[in-house]
Amino acid sequence: MRNTLKILILLAGIAVAASAAAHQETELYIPIGKSPGISHVKSQIGRIQSLSASGDGVTLLVQDRAVYVAFDTTTKIYLQYAAPGQRNRLGTYADCQADRTAEIHVGDDGKLRWIKVEMP
Amino acid sequence: MDDRIPRCCVAFFAVLLVSCQMSPGPIPEDRLVLKGEELFFRETFAGNGRTCGACHRAEENFAISPEFIATLPAADGLFVAETHPDLGQNFENPELMRKFALILENQDGFDELPNRFNMRGVPHTLALRTSIASRLGPQMGWSGDGAPGDGSLRSFAVGAVIQHFSKTLNRVAGVDFRLPTDEELNALEAFQLSLGRQQDLSLPLPLKGDIERRGQEIFLDRALGKCNACHFNAGANADPAIFGPGAGNLRFNTGVEALPDQPADLTTEKNPADDGFGNPGNGEFNTPPLVESADTGPFFHNNAIETIEGAVAFYNGDAFTRSPAGQLLVGATGSAINLDATQVVAVAAFLRVINALENLRAAAALLETASAYANGHARQRVLIDRAGFELQDAIGVIRGGGLNPAAVGELRAALAAAQKARRRFGRMRQLDAAMAAIAAARGQLEN
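Residue indices follow the written sequence of each chain, beginning from 1 at its first position. Each chain is given a letter, starting from A, and each ligand a number, starting from 1, according to the order in which they appear as written. Only residues with pLDDT of 70 or above have their local features reported here, since the model is predicted, and side-chain atom pairs are shown and tallied only from 80 upward, although totals for entire chains, interfaces and linings are computed over all residues. Hydrogens are left out, water is left out, and the side-chain values use all remaining heavy atoms of the structure.

1. Looking at the nonpolar core
Residue and element names in this part refer to chain B.
- Each nonpolar core is a collection of buried residues, namely Ala, Val, Leu, Ile, Met, Phe, Trp, Tyr and Cys, held together in the definition by side-chain atoms within 4.5 Å. We call a residue buried when its accessible area falls under 20% of the maximum for its residue type, exposed when it is over 50%, and partly exposed in between, using a 1.4 Å probe and counting protein chains only. Phe 219, Leu 351, Leu 391 and Ile 398 are the most contacted members of the largest nonpolar core, which totals 77 residues.
- Only DSSP runs of H or I covering at least 4 residues are called helices, and only runs of E covering at least 2 are called strands; the numbering of each starts at the N terminus. Examining the composition of this core, we find that 16 residues originate from one element, helix H14 (residues 341–372), more than from any other.
- In this view, Ile 398 contacts Arg 352, Val 353, Ala 356, Leu 403, Asn 404, Val 408, Leu 411 and Leu 445; residues no more than four positions away in its chain are not counted.
- The next biggest cluster of nonpolar side chains, apart from the first, holds 34 residues, and it includes Ala 58, Ala 157, Val 161 and Leu 185. By definition in these notes, contact holds between two residues if any of their heavy atoms fall within 4.5 Å.

2. Structural notes on the sheet that holds strand E6 (residues 101–106) of chain A
All names here are of chain A.
- Each pair of strands is called paired provided DSSP finds at least two bridges between the two strands. A sheet is described by the order of its strands in space; here seven strands give the open sequence E3-E2-E1-E6-E7-E4-E5, paired in mixed fashion. With partners counted over all chains shown, the strands left at the sheet margins are strand E3 (65–70) and strand E5 (89–90), one partner each.
- Sheet analysis places strand E4 (residues 76–80) next to strand E7 (residues 112–118), joined by five bridges and oriented parallel. In the strand pairing of E7, Leu 79 is matched with Val 117.

3. Description of the packing of aromatic side chains
All names here are of chain B.
- When the centres of two rings from Phe, Tyr and Trp lie within 6.5 Å, Trp using its six-membered ring, the rings pair. Their planes under 30 degrees apart give stacked, over 60 give edge-to-face, and anything left gives tilted. Here the structure, examined in full by the defined rule, presents 17 aromatic pairs over all chains.
- Counting every residue linked through ring pairs, the aromatic cluster contains Phe 40, Phe 41, Phe 62 and Phe 191.
- When the ring centre of Phe 277 is taken as reference, the NZ or CZ atom of Arg 251 above it lies at 3.4 Å. To sit over a ring, a charge needs its Lys NZ or Arg CZ within 6 Å of the ring centre and within 35 degrees of the ring normal.

4. Quick word on the interface of chain B and chain A
- Contacts between the two partners involve 38 residues from chain B, matched on the other side by 32 residues from chain A.
- When two components associate, each loses some accessible surface as probed by a 1.4 Å sphere; the sum of these losses over both components is called the buried area. Between chain B and chain A, the buried area comes to about 2,900 Å², and carbon and sulfur atoms account for 67% of it.
- In terms of surface lost to chain A, no three residues of chain B exceed Phe 110, Gly 149 and Ile 242 of chain B, which account for 17% of the buried area on that side.
- By salt bridge we mean one thing: a side-chain nitrogen of Lys or Arg within 4 Å of a carboxyl oxygen of Asp or Glu. Linking chain B with chain A are zero salt bridges.
- Contacts described as polar in this section are N or O atom pairs within 3.5 Å, which, within protein, must combine one atom able to donate a hydrogen with one able to accept it, while residues neighboring in sequence count only if both atoms come from side chains. Where chain B meets chain A, there are six residue pairs in polar contact (both at pLDDT 80 or more).
- When contributions to the side of chain B that touches chain A are tallied by element, the ones reaching two or more residues are helix H7 (153–164), helix H10 (240–243) and helix H13 (324–333) of chain B.
- Element by element, the count of residues in the side of chain B that touches chain A is highest for H7 of chain B, at five residues.
- We call Asp, Glu, Lys and Arg charged. Ala, Val, Leu, Ile, Met, Phe, Trp, Tyr, Cys and Pro are nonpolar, and the rest, Gly among them, are polar. Considered class by class, the residues forming the side of chain B that touches chain A number 18 nonpolar, 12 polar and eight charged.

From the geometry alone we can't say anything about function, so treat these as descriptive.
Here is the structure:
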């Protein structure tokens, strides 16, 4: 039975290590500043100031403070449209253009979970 | 003959009239919870007409079954995909909904609606206070990733409105629906947390019946049923002695998706494989509580199994044994679960009886709360009706297992008294009678 405990605790530990806080995909449709429990608590909203030369990060101007975030392979890029009839959709790094309003959420592990970009 | 109305009659009716207009009396329930209940059943969030209660029905333990769906009128909010032209494609699958109570979810994203979706049953919202917390973070929905934002129960309603309440597939906030306010999220959370059990059982229970008592033994036996490892005390949490203190609600890949001949797959409807937690998924689904299982079928995330006996027997089969969770169990205990038919039935009988005991607890609590209102308060009927649902469920789960006719008799007496209590006159007496019968029924099921 002691071996039972060791095996199961080991595997439970693996499960814990592998688990990231998961986001339900409906986050795509939640406007900037409205993510429950995240916006204004665990996110930052500002204007995209510049993109990194290596193409894997952006600098956001948040209340006159420059904040750099690196994209992760799992980072979701949510494009937010305000025009009638247009649907929010997933975007790419190329959509993260300077001067666009954006909200970023970095997880407890330091990885950029998502960036929401306001599209013209 | 003097045909004037006697003065005593006039006085009597005057007193009656005045008493009807008196103050409604104290409200014995939490006001935030009541606000949440109102939102849950009435608020459409400016969407397609659905409410949370469209799928999570009070009459059905806050879930829904094909049998219940068959009773609904065509204009019911559940059927918006059949009545709203903008939702006629890629919003629901009416055939799978009506046949198997399956609801369409886009938990892997909204970018390829015709192909990227899964069909899942409606999970009940009972005992959430005991079943969400986990060291993996709050486990919402079937696969633990059911809520946007911070992933909490409070945030879950936001995702539900977006997925299920939208007027069109554009899902534009402020156009197709409105997002719940912070106050509404607080109220909805409070209401949902108030439903059902507020704490786990402490097994073993002193059950009276031989079959369910043996079923409990098998359930707890680490070499035989092995159930308690993942469903500690028949709840949703993992055994802390095995998985560590504070493990809470965990996720496992139990191989349900590998089941052959799943009912929805036997139709000609598209039914993509469900990969569980994450995107892409890892095949894991979080553990549901078992106390409420016997009266909340069909079972598993895909409603693949209709009966509680079938759900127990699943763990004997190849799909589970070959799954990562099944192999974990084999490795840890030296063998697969291998119950014979009578043992499966015994475990199912145990689950039926503990479900019935929970029905009784819930019914008694509802009737007690009804008693605390001033007689005639509108809220009493709501609570009495809910108690009636619980009693009907208890009768169903006990009879369905061929168990304890004496308990069924007491349950019927309790239900009859509760139904009489719907009428105002004599209500308090009938409430007392119902609660006495509930106590008697409990006495038939456990010592």
